[in-house]
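# Close look at the chain arrangement
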Amino acid sequence: MKFAHIADCHVGGWRDPKLKNLTIDAFDKAIDQSIEKQVDFILISGDLFNSSIPDVSLLKRVVKKLKHVNKKQIPVYIIAGSHDFSPSGKTMLDVLEEAGLCINVVKGEVVENKLRLKFTVDEKTGAKITGMIGKKGMLEKKFYENLDTKNLEQEAGFKIFMFHSALTELKPKELEKMDSSPVSYLPKGFNYYAGGHVHIVKDVSLEGYKNIVYPGPVFPNNFSELEKLEKGGFFFYEDGKTSFNPIQVKNVFSLRINANNKTPEQINQEIIDEIKNKEFIDTIVLLRILGKLETGKTTDIDFKRIYSMLYNKSAFFVMKNTYSLKTKEFDDIKIMHSEIDEIEDTLIDEQANGENIESWDLKKEKSMIRQLMTSFNLDKKEGEKVYEYQERILKEAAKLLDIEL
Amino acid sequence: MEIKGLVISGKFGEIIIREKAGEKIELGELLIAENKTSKILLQVYDLLFGSQISQSNLELISGMRLEENTSMKFMDKNLRNYNLAMLKNILTLTKNNSYSSKSLPDFFSKVREVTKKDLKFITKPKNPVYIGNLRSGSKTLDVKIYLPSAKVFSHHVSLTAATGRGKSNLASVLLWDMIKKNHTGILVLDPHDEYYGRHSLGLKDHPNKKNLIYYSSNNPPAGTRTLKINIKSIRPGHFNGVYEFSTAQKEAINSYYRRFKENWVEAVIKERDLGVNFHEGTISVIKRRLLSLLDLDFFDEKIYYKGVFDKNSGETTIKDICNELESGRVVVVDTSNFPGAQELLIGSLITTQVFHRYKHYKNKGDLLEKPVISILLEEAPRVLGKEVLESGPNIFSTIAREGRKFRVGLCAITQLPSLIPRQILANINTKIIMGIEMSAERQAIIDSAAQDLSSDSRAIASLDKGEAIITSNFTKFAMPVKIPLFSEYVKKDIEKKNKENLNFSGIKF
């Protein structure tokens, strides 16, 4: 038996069109290599698309490729992942299945308040495939809690379980905070556990669980992943043996600059020194600058010039990450919240000091900031002209501040 | 109010009362002597006979009954023969206050049973932990005893009892309560796998099961975690006090760690070049001992990870456990599958990380936002015993000494408190004492108790199954309690458990 295990294609995942296209290029390559390897079937363990309703242009390319593999009589078995699952049921995966281009293996029934999954049997090999969808925020945990594993475990034959969840015991250090479920939720005794969701390459066996495999994405999905993985890939299974098959769509060059005690000019020079003698043909260049600048602002680093140099050297795409770059000219603001309201409240609490306006105490200052922010947030009314809108906002603010315009 | 006796003599702390005929005063019973303005709470610590007839006459009469079969009776039997009870002062109770007794009850004052109204000074603290109901002798009163969780657990707790007196039952009740309340993180190193309740009633049946995290390396039930610890998590310091290496071996281990950092175990086993000369034998011994302790195999230059320590999994296990504890959850680690040294090493790994994190929070000024964490240790002398500590401190003794400053405490379970050094015992502020027959063990606890238990040795020896005395800086007196039977205690909670409406949206039916 020979099959390919792909996951986390995230087709349409990048904002930039150039990178967005790379996700589909990587998917195409994975399918082509699987056909070339003459696999019996292909598994896609969730997040084929980056959203449940993807762009038509991307969808078209996926459909084309699936039709191609369909013609070769290689079945594609899929499950929905946290990105392409839709609670309303409106997901493109259903359309693809209706069109006969893939088979969703997450099928079951409820027996005595327990979820009993059914197997989909691969006609050619007799492999019995089932699996569980992945949902955002690990909501599939409830499904696992109520999963009848007995009938799955008792089934004889070559069995594959597809899943799209992080497993607690296999999380890498850097994903410590990721929501996860224990391995023990999976039914025991399967021959292969085709995982997705966690963008790592891992092939592990634990007691009762043989071949728990995460192939990682077919193409890295963000800046950090590009830095760490450089390329995507997928797994082949052939008669008991597993192997990782990398997919290289572009070269990746990472440059990490420590900005501590340096000026923007020094950083400019350091980057230029690093790149001046290199060629970047068909290469994604990643610039990560971190630390605290001795003087100046982050905007003083001449990225325009650096980008221009790199593109002149045939770079495919240049990206920078200055998230951890600080400057001494501004104090750090610690933000621990994720909700906008909470972030605003934190910022107001940190910045207000009751001394900015003579007649305002701290309490009034905070209250006025909040009220002003609310008034500035008013939407433009339908049919309202821009100048009318501006006037209305100004009037609101003047009223609050008790001043005449 | 039923009168049980009259104060007749004695001195402070040794008050003698005469028992009223027909009453049955018990050892450990709580009684009230009422004065005009206050009441004194007393406790019985000894019982003896009293008689108006001389000893020689009593002996004569008993002889006649035994040998001559006569049925000679005394006139006014109740007046001539009686029981005496020795009482100690516990507290003086006024209308709105209670404080340590400093005076005697009135001569001939009546002594009666304690009532719930007398005990209204026993209140429920903030973030309470339920231990049991107050007990007066063998009678259980309708007064629930709660301890302030944060204070009690950060200042260490001991559970002392002989086998079969209900230590595990008490620990289960305590943990059940903690799972319900979710305000204290408790790490349970469970060498008998008895708390989760794999095959019987246990913590797994809790309605707030999400607050219970269970790790096992032995076929973990669905929803629980496989105990896997990444080999890279091990540091040389984790062996301190839990596994003995010679000085030369320690030096070699430290050199490997300095050179190879987190990959040091692999480097030792593969005998990688250290650049420093150590005796070949030393490295071989370390290698052999690590292979055995960590359950590894090595052949054809390849390491095979057979047990809990692994190369490919468990990277976040220790951090996950710390995070769960910091969320006020109960984490039970089933260590029943491991030999003693491995069990202690795992305990040391987790505990070290917990302690270091909390030290870090203290430095950052965030400590007070964190819940107290307690580490429940069975057979505590294995890590806190005098013999073990002779070869140097370990993380558990460090926590015993300075943990309370960092909101990390120990909950030490033992039958043999005398094996624990006096300083450590004295640092344990709350002691829950159950029946102990061996006088040396009783004495060790009495000598280090928060309240004066010098007259309670007999009461401790006679404690029945489920009966306990709590001595603590956080209770007003050494409280006699009756611990509920776990199966009875949890019944109501389990019955209350709501049935969920399941929705399997996304699955094709």
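The residue numbers shown here count from 1 along each chain, following its written sequence. Lettering for chains starts from A, numbering for ligands starts from 1, and both go in the order in which the items are written. Per-residue local features are limited, in this predicted model, to residues with pLDDT of at least 70; the limit for side-chain atom pairs, both in listing and counting, is 80 or more; totals at the level of whole chains, interfaces and linings are taken over all residues. Excluding hydrogens and water, the side-chain figures rest on all heavy atoms present in the structure.

## Brief notes about the overall build of chain B
By the criteria applied, helices consist of DSSP H or I runs no shorter than four residues and strands consist of E runs no shorter than two, each listed in order from the N terminus. Helix and strand counts for chain B stand at 16 helices and 23 strands. With the C-alpha coordinates aligned to their principal axes, the bounding extent of chain B is approximately 95 × 65 × 50 Å. Put simply, of all contacts in chain B between residues at least 6 apart along the chain, 71% involve residues at least 24 apart. With residues, only the protein chains shown are counted as cover, and all accessible areas are computed by Shrake-Rupley using a 1.4 Å probe. For chain B, the accessible area works out to roughly 23600 Å², and carbon and sulfur atoms hold 48% of it. The positive charge centre, built from 75 side chains, and the negative charge centre, built from 57, are 6 Å apart in chain B. Contact between two residues is taken to exist if any of their heavy atoms lie within 4.5 Å; hydrogens are not considered. Note that His is not counted, nor are the chain ends; the positive residues are Lys and Arg, and the negative ones are Asp and Glu. By convention, charge coordinates are those of NZ in Lys, CZ in Arg, CG in Asp, or CD in Glu.

## What to know about the interface of chain A and chain B
Listed by partner, the interface residues are 33 residues for chain A and 30 residues for chain B. The junction of chain A with chain B conceals about 2700 Å² of combined surface from both sides, 53% of it contributed by carbon and sulfur atoms. Considering only the side of chain A, the residues that lose the most area to chain B are A:Glu169, A:Lys173 and A:Glu176, jointly responsible for 22% of the buried surface there. Throughout this description, the term salt bridge denotes a Lys or Arg side-chain nitrogen within 4 Å of a carboxyl oxygen of Asp or Glu. The interface formed by chain A and chain B holds seven salt bridges in total. Each polar contact in these results corresponds to two N or O atoms within 3.5 Å; when the atoms are within protein, one needs to be able to donate a hydrogen and the other to accept it, and residues that are neighboring in sequence are counted only if both atoms are side-chain atoms. The interface formed by chain A and chain B includes 16 residue pairs in polar contact (both at pLDDT 80 or more). Put simply, buried area is how much 1.4 Å-probe accessible surface two parts lose in total, over both of them, once they are put together.

## Considering the sheet that holds strand S18 (residues 330-334) of chain B
Residues and elements named next belong to chain B. Pairing in this open sheet of twelve strands is mixed, and the strands run S9-S8-S23-S22-S21-S10-S20-S19-S11-S18-S12-S13 from one edge to the other. Two strands close off the open sheet at either side, each with one partner strand: strand S9 (139-148) and strand S13 (225-226). Only strands that DSSP links by at least two bridges are regarded as paired with each other. By the bridge criterion, four bridges tie strand S12 (residues 212-216) to S18 in an arrangement that is parallel. Following the sheet pairing, Tyr214 is matched in S18 by Val332.

## Topic: the pairing of strand S5 (residues 108-111) of chain A
Residues and elements named next belong to chain A. One ladder, built from four bridges, connects S5 with strand S6 (residues 114-117); its direction is antiparallel. Opposite Val111, over in S6, you have Lys114 as the bridge partner. Taking the residues that link successive antiparallel strands as the turn, the S5-S6 hairpin has two residues, and the phi of Glu112 there is positive, at about 50°.

## What about helix H16 (residues 486-496) of chain B?
Residues and elements named next belong to chain B. Here's how the labels work: a residue is buried when its accessible area is under 20% of the maximum for its type, exposed when over 50%, partly exposed in between, all with a 1.4 Å probe on protein chains only. Phe486, Tyr489, Val490 and Asp493 are the residues of H16 that are buried. Buried residues of H16 fall within an arc of 80° about the axis and therefore sit on the same side. Counted as exposed and oriented over 90 degrees from the buried face of H16: Lys492 and Glu495. Buried residues along H16 sit against strand S8 (128-136) and helix H4 (167-181). In this description, the arc belongs to the directions extending from the helix axis to the C-beta atoms.

## Remarks on the pairing of strand S4 (residues 39-51) of chain B
For a regular strand, side chains alternate in direction, first toward one face of the sheet and then toward the other. Residues and elements named next belong to chain B. Where strand S3 (residues 30-34) meets S4, five bridges bridge the pair, whose relative direction is antiparallel. By the bridge assignment for S4, Ala33 is matched with Ile40. Counted between consecutive antiparallel strands, the loop separating S3 from S4 contains four residues. Of the strand pairs in this sheet, S4 and strand S5 (residues 81-93) are connected by twelve bridges, and their pairing is antiparallel. In the strand pairing of S5, Lys39 is matched with Leu93.

## Here's the deal with the side chain of B:Ser313
Mapped onto the secondary structure, B:Ser313 falls in the loop between strand S17 (309-310) and helix H8 (317-326). Only 2.5 Å separates the side chain of B:Ser313 from the side chain of B:Asp310, close enough to count as a polar contact. Not counting residues within four places of it along the chain, the set of residues in contact with B:Ser313 comprises A:Glu169, A:Leu170, A:Leu206, B:Lys228, B:Ile229 and B:Asn230.

## Notes on the domain arrangement of chain B
All names here are of chain B. Domain delimitation follows an automatic or database domain assignment. The domains assigned to chain B are domain 1 (3-119), domain 2 (128-226 + 316-494) and domain 3 (232-309). Its C-alpha centre places domain 2 at a distance of 33 Å from the equivalent point of domain 3. Tallying the contact residues gives 16 residues for domain 2 and 14 residues for domain 3. With both chains or domains summed, domain 2 and domain 3 bury close to 1200 Å², and 72% of this area falls on carbon and sulfur atoms. Broken down residue by residue, the surface that domain 2 buries against domain 3 is led by Gln342, Leu345 and Leu349, which jointly contribute 44%. At the boundary of domain 2 and domain 3, one finds two residue pairs in polar contact (both at pLDDT 80 or more).

## Observations regarding the domain arrangement of chain A
Residue and element names in this part refer to chain A. Split into domains, chain A comes out as domain 1 (2-247), domain 2 (251-327) and domain 3 (340-401). Each side of the interface is counted separately: domain 1 has eleven residues, and domain 2 has twelve residues. Between domain 1 and domain 2, the buried area comes to about 1000 Å², and carbon and sulfur atoms account for 72% of it. Considering only the side of domain 1, the residues that lose the most area to domain 2 are Lys18, Phe223 and Glu227, jointly responsible for 54% of the buried surface there. On inspection of domain 1 and its partner domain 2, the count reaches two salt bridges. Arg256 is the salt-bridge partner of Glu227, the closest N and O atoms lying 3.9 Å from each other. Applying the counting rule to domain 1 against domain 2 returns three residue pairs in polar contact (both at pLDDT 80 or more).

## Some remarks on the packing of H4(B) against H16(B)
All names here are of chain B. The N-to-C vectors of H4 and H16 enclose an angle of 20°; their axes lie 9 Å apart at closest approach. With respect to H16, the element H4 is oriented roughly parallel. You can see that H4 and H16 cross each other, and the crossing is left-handed. Where H4 approaches H16, its residues Asn169, Ser172, Val173, Trp176, Asp177 and Lys180 are matched on the opposing element by Phe486, Tyr489, Val490, Asp493 and Ile494. For the contact of H4 with H16, a count of residues per class yields six nonpolar, two polar and three charged. Angular values range over 0 to 180 degrees, each being the angle between N-to-C directions of two axes fitted as lines to C-alpha atoms, with helices fitted over their stretch in contact. The cut-offs work like this: below 35 degrees is roughly parallel, past 145 is roughly antiparallel, 65 to 115 is roughly perpendicular, and the gaps in between are oblique. Here is the rule for handedness: rotate from the far helix to the near one, and if that takes an anticlockwise turn smaller than a right angle the crossing is left-handed, while a clockwise turn gives right-handed. Note on residue categories: nonpolar means Ala, Val, Leu, Ile, Met, Phe, Trp, Tyr, Cys or Pro, charged means Asp, Glu, Lys or Arg, and polar means any other residue, Gly included.

## Some thoughts on the pattern of salt bridges
Tallied over the entire structure, the rule returns 57 salt bridges over all chains. As a salt-bridge pair, A:Lys142 and A:Glu145 come within 3.1 Å of each other at their nearest N and O atoms. A residue pair is termed a helical-turn pair when its members lie 3 or 4 positions apart in one helix, as A:Lys142 and A:Glu145 do in helix H4 (residues 141-145) at three residues. Judged by relative accessible area, A:Lys142 falls into the partly exposed class, the value being 36%. Looking at A:Glu145, the relative accessible area reads 35%, which means it is partly exposed. A single network of salt bridges, built from pairs that share partners, joins A:Glu176, B:Lys319, B:Glu326, B:Arg357 and B:Lys370.

## As for the layout of surface pockets
Using a grid of 1 Å spacing that covers the protein atoms alone, one calls a set of points a cavity when a 1.4 Å probe fits there but cannot get out, and a pocket when the set is open and has protein on both sides within 12 Å along at least five of seven lines; lining residues are those with an atom within 4 Å of a point. Grid points are joined across faces, edges and corners, and a volume is the space filled by probe spheres set on the points. For the largest pocket, the calculated volume is near 1900 Å³. Elements represented by at least two residues in the lining of the largest pocket include exactly H4 and helix H5 (149-154) of chain A together with S12 and H8 of chain B. Residues that form the lining of the largest pocket fall into these classes: 13 nonpolar, 13 polar and 23 charged. When its volume is computed, the second largest pocket comes out at roughly 550 Å³. If you trace the second largest pocket, you find 29 residues lining it, with B:Lys228, B:Tyr305, B:Lys306, B:Gly307 and B:Asp310 closest to the centre. At the level of secondary structure, the elements contributing two or more residues to the lining of the second largest pocket comprise strand S11 (202-206) of chain A together with strand S16 (302-305) of chain B. The biggest single contributor to the lining of the second largest pocket is S11(A), with four residues. Each residue belonging to the lining of the second largest pocket can be placed in one class, and the counts come to nine nonpolar, nine polar and eleven charged.

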